[in-house]
Amino acid sequence: MHDNLHFKPLKQVAKAALSWVIVSFTGLAYPANQLPEADSGPDLSKLSIESLLDLDLRSVMKSSTGAKNASAALFILTADDIRRSGATTLPEVLRLVPGISVSRIDGNKWAVAIRGFNNQFSNKLLVLRDGRNLYTPMFSGVWWDQEDVLLEDIERIEVIRGPGASLWGANAVNGVINIVSKKLTDSQNTLVSAHGGSMRKGGGIRYGADLGNQAYLKVFGRYREYDASTLNGHSEDAGDDGRLSKLGMQFDKAWLGDKLSLQGEVFSGWSGGANQVSPRISNFNQPALAPPYWYEQETDLGLSGHYLMARWQHQFNDDSSTVLRAYWNRNERKSSAIGAHYRIDTVDIDFQHNYRWFERHQIVWGLGARLNFNNTDNSPYLGWLPNQRQDEIYSFFVQDEITLLPERWKLTLGNKLEHNPVTHDEWQPTIRLAFTPNDKHTVWASVSRAVRTPNWAEQDISYNASIVTPFGNVAASPFTPVILVNAVGNKQQDSEKLLAYEVGWRAQLTSSLTSDVAFYYYDYDDVAATSLGALDFSTLYSGYLIQPVTFSNAGQASIVGGEAFLDWRVSDDWRLRASYSLAQQHFTGSQPGQTTIMFAGSVPTHQAMLSATYQLRPDTMLDLNWRYVDSVNVEGDSVPAYHELDARLAWQVSRSVELSLVGKNLLHEHHLEYGKVFFSVPTLVQREVYATIRWEF
């Protein structure tokens, strides 16, 4: 394991401080996450526009900050927004957020990103669920096919478009998504939900109980299944069906100024995929030396995992609180077709302290430590060198929100220092300024630095990706060799760096109309790319050559863009929302013709959305959502622009029962949303109809 002698004092301080926190039982925390939770939150579906703008975003901002005055591009999806979207998956819900690019790759795989670099393996977006990081060190992203949650149990989803690295650290480069579950005090009943239709089916159940003495329990289960779609230009089943089962629980206990929370989940499932054409490999890094050189390879994956998290918070007084949080997470994936398997364990512990210093300083600081363990079974097609690895990551952050002029000017200064075993010390500062001339308008600006540290794939992978066959498809020989294209990791891979400039304006134009506008300029350096290495002739006598393709930092990029959002409550029964997003992208490589920048051009230049919700009768609701997505380029594959319409008609049968009919992608029989990526073949997104039922008692 790499180490940095200059950083040992901070590592020792971090270890000692965390040990002191645990032993002294002062409170609870997260790598900078939450203030103590209130016992019960407001019903967001019933809040006015004014109340939504005043909503406390402490969970994602790590301090008590109202949405109206925040110096960042923020967006909140409420439980009512989620329910009326008709969605059954998290990526579908996130389509509603301006500036987020969501593409469905096949029946169960997704590409989700904010403001650039979208891919199934998007690595510049940090996603949290109740403060737990969903990131995998394998590729610095999220496996969306396994993050299936009971959507009815979500209180809200908070989204920051823009860097959040000064609080959340490496990989919170382009944005942060925090999924906030309903509090147990708001879940003291039984909920049953189910959906089924032309392409999907599933459901869930949740039971909440008041155990007395401020102790609460929640148990739940969830199952979902997606049918297979078809390949572009084909009519047969593509095999991209998927299924997932999940069980979970949460226990909360409060006493005096303390609150203890324990929660966990276990899941198991299957992520199917269309077959892809792959080179025949006889041994590791040795291709077949006679026809046929190619075969159809299955891309199905078995997946399983679990997590257990504990959170303890302590409230000293109204101005001071601490949080201590720890979790253990395990993810496993296995491909029987190529004989590859991996298991990743993450142990994470964080402490955070929020306090007010005098009247003008709201300070939050914290320490964190994370251990990632990797254990893989290599195959001739895919290997990890080494196949076992352990990384230790230590961090310290501090942020001061300074009230320069009460109710008018706020200045936020923050920085996070992380130590990792690869690039060692990473500083990620930010400066933010917000001006609120009156209670209707806020203007803000920020300058931030963020980094995305190298993942295990970029450092350790060895993947036999393709071959170049001899002319005439004859048997290989030293005179007619096969060329094996081998993607290999780079132990010297460096961090990607971003310097981000943002400005925004948030306004309540009337009592029923709000607007939110943000502009940004992103300047990236040392962008991850793949570069052709020198052709390896050492195996020529055996009839083949090796063409290495190595990960590098040979790319540079800049993105200029913005988002605009309008929310108009026309009447008590009718609401209209519209948004537009722009992302002008420019990429350069240090070796033209030899360098491919990863995920370049994979975000649409233009996106637009128009949605309408209408209360037809006291017991009947109609929801419509139209979206336009510009064309994208995915590793050389051009995916055309498209526009689609989703609709939902719901009937509130009684206080406890709701029925709905949902139509997805109603304007066209099918369309394509993404191109081919590693081990995933894109399939058509089809028109579908399904019914849902929700019963609470």
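Above this note sits the structure.
Residues numbered from 1 in each chain as written. Predicted model: local features only at pLDDT ≥ 70, side-chain atom pairs only at ≥ 80, totals over all residues. Heavy atoms only, no water.

Draft legend 1. Structural view of the overall build of the protein chain. Within the protein chain, the secondary structure is distributed over seven helices and 41 strands. On C-alpha atoms alone, the protein chain measures out to a radius of gyration of 25 Å, which is about the 26 Å that the 2.2 N^0.38 rule sets for 697 residues. Across the 697 residues that make up the protein chain, the buried fraction comes to 59%. When contacts within the protein chain are restricted to residue pairs at least 6 apart in sequence, those whose partners lie at least 24 apart make up 65%. For the protein chain, the exposed surface amounts to about 27,200 Å²; the carbon and sulfur share of it is 59%. (Helix = DSSP H or I, 4+ residues; strand = E, 2+ residues; numbered from the N terminus. Rg over C-alpha atoms; globule rule 2.2 N^0.38 Å. Buried < 20%, exposed > 50% of the residue type's maximum accessible area, 1.4 Å probe, protein only. Contact = heavy atoms within 4.5 Å. Areas by Shrake-Rupley, 256 points an atom, 1.4 Å probe, with all protein chains shown as cover.)

Draft legend 2. Highlighting the pattern of salt bridges. Counted according to the given criterion, the structure contains 48 salt bridges. Residues Arg-222 and Asp-148 are paired through a salt bridge, measuring 2.8 Å at the closest nitrogen-oxygen approach. You can see Arg-222 sitting in strand β10 (residues 215-226) and its partner Asp-148 sitting in the loop between β5 (132-133) and β6 (154-161), a full 74 residues away along the chain. For Arg-222, a relative accessible area of 8% corresponds to the buried category. Of the charged contacts in the structure, one is a salt bridge between Asp-460 and Lys-491, with a shortest N-O distance of 2.5 Å. One end of the pair, Asp-460, is in helix α7 (residues 456-460); the other, Lys-491, is in the loop between β27 (482-488) and β28 (496-508), with 31 residues separating them in the sequence. Connected through salt bridges with shared partners, the residues Asp-80, Arg-83, Arg-84, Asp-623, Arg-648 and Glu-658 form a single ionic network. (Salt bridge = Lys/Arg side-chain N within 4 Å of Asp/Glu carboxyl O.)

Draft legend 3. A look at unusual backbone geometry. Between Pro-291 and Pro-292 the backbone carries a cis peptide bond, its omega angle lying at 0°. Along the chain, the position of Pro-292 falls in the loop between β15 (286-287) and β16 (294-297). Residue Pro-386 is bonded to the preceding Leu-385 through a cis peptide linkage, with omega at 5°. Its location among the elements puts Pro-386 in the loop between β21 (382-384) and β22 (388-405). Not every positive phi belongs to a glycine, and Phe-117 is a case in point at roughly 60°. Structurally, Phe-117 can be placed in the loop between β3 (110-114) and β4 (125-129).

Draft legend 4. Spatial organisation of the sheet that holds β4. One open sheet accounts for five strands, arranged β1-β6-β7-β4-β5; its pairing is mixed. Sheet topology places β1 (73-78) and β5 at the edges, where each strand pairs with a single neighbour. Direction of pairing for β1 relative to β6: antiparallel, over a ladder of six bridges. In the strand pairing of β6, Phe-75 is matched with Val-159. (Pairing = 2+ DSSP bridges.)

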